[in-house]
Every structure is written in structure tokens, then in C-alpha cells.
Amino acid sequence: YAKQQGFGIVKAGGAYKQEKGKTLNERRKCTWKCESGGKPDGRIRASSRLLNGVSGKGVKMANRKTKKVGCPVMLHAKVTKGWEMIHSALAAERNGVENFPVSERQLRNVVDKEKQLKMMEGDANATAAYFHRMSTDNQNFFHLHRLDDDERLKDVMWVDARSRAAYIEFGDVVCFDSTYLTNRYLLPFANFVRVNHHGQSVLLGCALISHEDAETFGWVFSNWISCMGGKAPSGILTDQDAVMKKSYCKVMPNTRHRWCLWHILNKLPLKLGGYDKYDEIKQALLRAIYDSYTVEEFENSWNEAIDAYNLGENAWLKGLYQEREWWIPPYMKDMFWAGMRSTQRVESMNSFFDKYLKKQTRLYEFVQQYCKAMERRVEDEKQADADSARFCHQLVSDFPIERVFQKIYTSAKFLEVQQECLKNLYVSIVGCKVVDENVLEYTIEDRVWVRDPNTRKDVPTRRKRECEVKYNSNSYEAWCVCKLMESSGIICRHIIAVFEKNDVEE
């Protein structure tokens, strides 16, 4: 910038990385200032000359020029892991996140790519030897690798014994992501992640892959399923990648596939930011996506938004609508997803691994660090099990159903049930009709809830909407059109209201 504007800069300070008492040649922070910063030196030098004045005595004049005029321009840079802060600063230069098309994760990946080094000699052999030792100690440790035409390590994947055991309990729905890159190698770190009964991320396998193409993904998926006893998951959540889609559709034809909702919506500013009424368009589309309980509601709301803002010729929106069954929530609510609708579960696991990896980490060390990270994850789960057994949250309502779930849910999941109990305060029954002898159909009026970006909590809006709940008075069963129970395993506030209406006891 200084060069473009025609002024000079000077380095005003900085610091280098310290490790084990030694100063490494890796700068951690630095400050630059305009060359005209600071106060001019008012002292008269010995080389000054005499300028004849009116009195004839002359006045001493300094013959040295100076650029110092007190310019305050300064830039300070510091190496930090605060990707969110860095991303926010860059977005601010573009007048906000809405006008900055690069996501925080994309920024991280670009920087990681720049930091990568090629594999060093001996790393592949050391890694293979480590895997062999792990397999000798535990026969349930699975690993596989393949070489390229030059006999160099190409792809490697491994699944430890704990992950294979966890798949039996929590392998019905998984997230898969390959965008996290290790700091050293030109190999994307791909992993399978699932949520356990405490809401914690559980790792179900890892792979370092050389190419993100259909053949490589097919190799990963097929061998991972083989490792898990040939049982494919019921559902898999990935980003919107056409190459990946081709691979898992071929390897897992009976698995329900879902795209990450966050990645799709994150493209709204880039794809639609040029429209004059962008803010209104965004809100209309988000309402259609989030506020629709049924497929019919979504399609009506979506088409109304398209017609209202003349978006019928937008190719991106056309493509999304044609593939709506892959990402729109109402199309996904008929099966259990453990509350997952984005791959951020995988990204949280990636952030967890950041604590164990450094730029200098070798490939075989990476695998060792992975095992340490997994041990920490196991300890976290054991601690959560112990806490759920020893402690319980106090009740927040007088609903009998809350007392039931207090006994059967883990501590983390019971908090989600309590949120629905609190939201029930905004629910009212506005209608009821008899379907048959034992079945009643209730019409529930509810508020529309949105996520507060500051507190990250759901808050009620003034907008209201209705949903339907069917209740069997003979079997005490209930079905709600919102299908929160089916998709996440959490009883919804609408069913709680019906149970309360019918005095359903424990």
C-alpha cells in the first residue's frame, strides 16, 4: 500500500518465536510505521552553516533535511490462532461479512496450504512401522495405505479400536469432511464424525488423501465401510461437493445423503448480494427454509419468494431448488439425524486436533498425536458419563414429562428438553378435532424462534405460526408435524403442551 501511494515505511519493532530458550527464525509479531512518523530532531548539528541576517551577525541554520512530520500511520501484525478475529477484520474492510465472500474456514485453508511442506524422507516408513506396532498391540486397530506409480505414499487411512466400537453404538448417522489440512503435508485430512449421547463429537475414522477426486473418495468410503463390518450408515452429512456425491452414491446407494446447510447459506452474499433488495430476499428465503414444518409449506413459501423478487432466472437458486431433497430441513425430518444439519461437527473436531499439531509435526508423529487426542476424547466421555450419573439438573416446570426425561436423558441432552419446556410457555392450543375413537388432532399456535447472534440462544419473535399434533389417548402416543422428536430425539414443546392438556402422568 505504501508503495502504491508513494511513501516509505520503516520497521519499528517485533519479536521472534521462542522455543526451549532459543530464538527461532520465525517472526511472531512486527510493527511498521510511516517513514514520516515521529518528531523532527530540532538540534543544530556541527555541520550547520551560517545564514547572514539583517543584523549582520547571522543565524545558525541546520543543513540536514528530515521527513519526520509526526505521521501517525502504523500497522501492527501478530501471529495468532484467532481465525474468527482475523476473518472479522478482513470482512470489516469490505463493509461487513455480507460483502465478504470468503468464509472463516476458507481463510484457514488458504493459510494452511501456504504453510505446508512436502513429505520428508523416511516419514512413510516410520508411519507404516507405527501402524504395524499398533496392530500388534490391538488386532482391532485398522489401517490401510497405497502407493503411487513411483512407490511413494499416496493415501493412508486408519480407524482405532475405540472408533470401531463407537460405530456400533453411534454409527447410524455420520459427518464426513475433507477440507481440514494438516500443517505439513499436501494431504487433506478427512474424517468421519458422529455425535454421542452427551452431544460430544466422536471420531469414527481418519484418512490422509492425495487427491479429492471420485476414485480417491471411493477408496476411502469403501474401505471404511469394510472396516466397520460392511455396514453403511443410515445417513451421511457432507458439503456440497459433486465429486464426493458421485462417490458415496456409488459406494453407499442405500444411505440417505444430506448436504451441509451452513455451507449453502454461506454463499448467499456471493450469489445474491448484487440484488437491490438483497436483505429482503435473504429473509424471505431463510423463512422458507427454517420456518417450514412440511414440504408443502416450504415449496409454497419458496415459490412466493422467487415470484415476489423476480428470481426465476437465477441459475444458482434453480439448481438448489432442483436438489432441495438433499438439504432442505422439511425433506430430512422423517429420519433421525442426531440434531446434525451441518458439518460444523467435523470442524469442531478439527479445532480439537489443532491443540495437538504443530507446523513441525512429522507424518508418523501426526498419527501418534492422533492417538493422544483420542485418549483425551475418551476421558471427556467418561467424565460426562460420571457427571450424568452423579448430578441432575433441577426442573424448570411442573410438567410431568420433564421429570420422566430427567431420569432417562444424559445431562447435556436433558438441557435441550428443558429448552422445549421453557418454550412451551409461548405455546397455546387453539383447536381440536376428533380423528377417530382414540385419536385427537390439536392445532397449536407457536411463536417463530430465531437464534440471537450475540447470546447464541433461541429467542421468540412476534411472528406466530401453527402446527398440528395428533394424540392417541389410549396409548399416550403423540406425533407432531415439526418432527423434532424423529429427527433429533428431543420431545418438542407442541407435544408437551398436548400432554399437559390431557394430564398425562409419568
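That block above? That's the structure.
What counts, and where the lines are drawn
Residues numbered from 1 in each chain as written. Predicted model: local features only at pLDDT ≥ 70, side-chain atom pairs only at ≥ 80, totals over all residues. Heavy atoms only, no water. Helix = DSSP H or I, 4+ residues; strand = E, 2+ residues; numbered from the N terminus. Buried < 20%, exposed > 50% of the residue type's maximum accessible area, 1.4 Å probe, protein only. Contact = heavy atoms within 4.5 Å. Areas by Shrake-Rupley, 256 points an atom, 1.4 Å probe, with all protein chains shown as cover. Expected span 1.5 Å × (residues − 1). Salt bridge = Lys/Arg side-chain N within 4 Å of Asp/Glu carboxyl O. Pairing = 2+ DSSP bridges. Axes fitted to C-alpha atoms, helices over the stretch in contact; angles between N-to-C directions. Right-handed = clockwise from strand over helix to strand, strands pointing away.

**Describing the overall build of the protein chain**
The helix and strand inventory of the protein chain stands at 19 helices and 16 strands. With 506 residues in all, the protein chain has 41% of them scored as buried. For the protein chain, the share of sequence-separated contacts (at least 6 apart) that also reach a separation of at least 24 residues comes to 60%. For the protein chain, the accessible area works out to roughly 29,100 Å², and carbon and sulfur atoms hold 49% of it.

**Let's talk about helix α17 (residues 411-423)**
Here α17 spans 19 Å end to end across 13 residues, near enough to the 18 Å set by a 1.5 Å rise per residue. Tucked inside the fold, the buried residues of α17 contact α16 (400-408), β14 (439-451), β15 (458-472), α18 (484-488) and α19 (493-501).

**Comments concerning the pattern of salt bridges**
Scanning all chains against the criterion turns up 17 salt bridges. The residue D155 makes a salt bridge to R146 at a minimum N-O spacing of 2.8 Å. Per residue, the accessibility class of D155 equals that of R146, and both read buried. The partner of R463 in a salt bridge is D291, and the shortest N-O contact between them spans 2.9 Å. You can see R463 sitting in strand β15 and its partner D291 sitting in the loop between α10 (278-290) and α11 (295-308), a full 172 residues away along the chain. Judged by relative accessible area, R463 falls into the partly exposed class, the value being 29%. On the basis of relative accessibility, which here comes to 17%, the residue D291 falls in the buried class. Residues joined by salt bridges that share partners form a network here, namely E420, K423, D446, D458 and R493.

**Observations concerning the pairing of β15**
Where β14 lies against β15, twelve bridges are found, and the strand directions are antiparallel. Across the sheet, the residue bridging to T443 is E468, located in β15. Bridge count between β15 and strand β16 (residues 477-480): four bridges; the pairing is antiparallel. Bridging from a neighbouring strand, N472 pairs with E477 of β16. Turn length for the β15-β16 hairpin, with the two strands adjacent in sequence and antiparallel, is four residues, and the turn residue Y476 shows positive phi of about 60°.

**Let's talk about the packing of helix α4 (residues 123-137) against helix α15 (residues 363-390)**
Relative orientation of the contacting elements α4 and α15 amounts to 30°, with a least axis distance of 7 Å. Of the residues in α15, those touching α4 at D123, A126, T127, Y130, F131, R133 and M134 are L363, Y364, V367, Q368 and C371.

**Some words on the pairing of strand β11 (residues 235-238)**
Residues G235 and L237 of β11 are buried on one face, and the alternating residues I236 and T238, pointing to the opposite face, are buried as well. With four bridges connecting them, β11 and strand β12 (residues 256-259) associate as parallel partners. Looking at β12, one finds that T238 is bridged to W259. At this point the chain moves from β11, through helix α7 (residues 242-251), to the parallel β12, and the crossover so formed is right-handed.

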